[in-house]
Amino acid sequence: MKILREDHFFCIAWLTFISCVKYSYASLYSEELDPVYGTRKFAPTNRYKEAIAEHLSRFVKNNTIFVEITSGTGQLISFLADYFPAITFVPSDHDPYNIPSIEFYKKLNMVGNLKAPFLFDVRIDSNKWFKRTMQNETVDYIFNSYLIHLAPPECYKALIQGVNQYLKHRGLFFLFGPFKYLNNTLTEADRIFDQQLKEANPLWGLRDAEEEIRVELEKLNILLCVTFNFAFDLQLQVYKKGTRVLW
């Protein structure tokens with residue numbers, strides 16, 4: 001059974017009303033307990049972690065820094081740290097409940113290149129995100145999933161500003177999750193998902209990838225370069241700071 005997260009602005013909060021959503025979405029986004037270790041597992045992470053890693057392998061290089069904003073249970077970043085042993089991974093989350101889970105997956109997978117997680121709310125002063133241990137424009141890669149797509153504008157705009165602060169020139173910003181597009185009709189499952197989010201809180205809902213997210217990022221010269229499509233209308237979007245030229 002899903003243990004609810006308290007902070008309303010993160011997408012996991014939609015699970016408070018998951019019983020109202022079609023089974024396809026319930027199974028897609030549900031969280032389960034590992035029968036052996038008793039740890040939490042987020043379904044999309046289990047389903048797509050290998051595919052995400054394969055796509056990332058086209059872009060990431062050794063001896064670099066990779067930050068994940070909102071690491072959740074820690075499954076994905078722990079898997080990536082094992083997959084890319086020559087890259088330093090830095091997890092973070094807003095929820096104190098997730099920190100022990102991130103630390104557990106670090107120990108379980110015995111990944112020495114995965115640093116201790118940081119606890120912060122993206123809406124705070126971004127200078128305090130990493131307790132002033134990280135300098136501006138020193139991060140090679142930043143990854144985020146299931147926040148920017150669903151959170152109220154104040155949250156995804158704060159995230160974008162923080163990404164701009166820490167990401168190096170020509171660094172990459174990866175976004176994973178569901179999107180909608182201005183000129184495209186939502187699938188029935190997405191429509192129901194979006195409707196349920198807005199019924200719970202009018203500030204929630206799927207963000208328009210063209211008119212909201214891309215526009216805000218391009219104001220800061222963080223430019224969309226390529227998009228990879230997954231099942232259930234999920235996407236991995238790759239943005240680059242300063243240029244659209246990936247290589």
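Description of the structure in this document. (Residues numbered from 1 in each chain as written. Predicted model: local features only at pLDDT ≥ 70, side-chain atom pairs only at ≥ 80, totals over all residues. Heavy atoms only, no water.)

**Notes on the overall build of the protein**
A tally of regular secondary structure across the protein gives seven helices and 10 strands. Split into buried and exposed, the 247 residues of the protein put 57% on the buried side. Long-range contacts, defined as pairs at least 24 residues apart, comprise 71% of the intrachain contacts of the protein with a sequence gap of at least 6. Carbon and sulfur atoms make up 52% of the accessible area of the protein, which totals about 11100 Å². (Helix = DSSP H or I, 4+ residues; strand = E, 2+ residues; numbered from the N terminus. Buried < 20%, exposed > 50% of the residue type's maximum accessible area, 1.4 Å probe, protein only. Contact = heavy atoms within 4.5 Å. Areas by Shrake-Rupley, 256 points an atom, 1.4 Å probe, with all protein chains shown as cover.)

**Here's the deal with the environment of T73**
Mapped onto the secondary structure, T73 falls in the loop between β3 (65-69) and α3 (75-83). Judged by its relative accessible area of 5%, T73 is buried. Considering only alpha carbons, one finds T73 and F104, 31 residues apart in sequence, at a separation of 9.3 Å. A polar contact of 2.8 Å, which involves the side chain of T73, links it to the side chain of Q75. (Polar contact = N/O pair within 3.5 Å; in protein donor to acceptor, adjacent residues only side chain to side chain.)

**So, the pairing of strand β8 (residues 167-178)**
Judged by how many residues are buried, β8 sits mostly within the fold: nine of 12 residues are covered. Summarising the sheet, strand β7 (residues 139-145) and β8 pair through six bridges and their orientation is parallel. Residue N144 lies in a different strand from β8, and its bridge partner there is L175. (Pairing = 2+ DSSP bridges.)

**A word on helix α4 (residues 99-109)**
Burial in α4 covers these residues: I99, S101, I102 and Y105. Count one or two residues on from α4 and you reach M110, which has phi positive near 50°.

**Things to note about the packing of aromatic side chains**
Tallying each qualifying case throughout the model produces 21 aromatic pairs. Seen from their ring centres, F66 and Y141 are 6.1 Å apart, and the 45° between their planes marks the pair as tilted. Of the two residues, F66 is situated in strand β3 and Y141 in strand β7; the sequence distance between them amounts to 75 residues. Across the pair, Y141 and F66 agree in class, each one buried. For the pair W129 and Y166, a centre-to-centre distance of 6.0 Å together with 20° between the ring planes defines the contact as stacked. Note that W129 is positioned in the loop between β6 (118-119) and β7 and Y166 in helix α5 (residues 153-166), a separation of 37 residues in sequence. You'll find W129 and Y166 in the same group, each marked buried. Here a set of aromatic residues connected by ring pairs shows up, and it is made of F59, F66, F89, Y141, F143, F174 and F228. (Phe/Tyr/Trp six-rings, centres within 6.5 Å; stacked < 30°, edge-to-face > 60°.)

**Quick word on the side chain of T70**
Assignment of secondary structure puts T70 in the loop between β3 and α3. At 3.0 Å, the side chain of T70 forms a polar contact with the side chain of N144.

**Here we look at the packing of α3 against α4**
Contact pair α3 / α4: the axes reach a minimum separation of 9 Å and the direction vectors enclose 30°. Between α3 and α4, the angle falls in the class roughly parallel. You can see that α3 and α4 cross each other, and the crossing is right-handed. Note on element contacts: α4 touches α3 through Y105, K106 and N109, opposite Q75, S78, F79 and D82. (Axes fitted to C-alpha atoms, helices over the stretch in contact; angles between N-to-C directions. Parallel < 35°, antiparallel > 145°, perpendicular 65-115°, else oblique. Left-handed = near helix turned anticlockwise from the far one by under 90°.)

**Brief notes about the sheet that holds β7**
An order of β4-β3-β7-β8-β10-β9 is seen for the six strands of this open sheet, with the pairing classed as mixed. Each edge of the open sheet is held by one strand with a lone partner, namely β4 (88-90) and β9 (222-229). In this sheet, adjacent strand axes meet at a mean angle of 20° when their direction is disregarded. Across seven bridges, β8 lies against strand β10 (residues 234-241) in antiparallel orientation. Its bridge partner being in β10, F173 is matched across the sheet by Y239. The strands touched by α3 are β3, β4 and β7; relative to β4, the strand with the most contacts, the crossing angle is about 175°.

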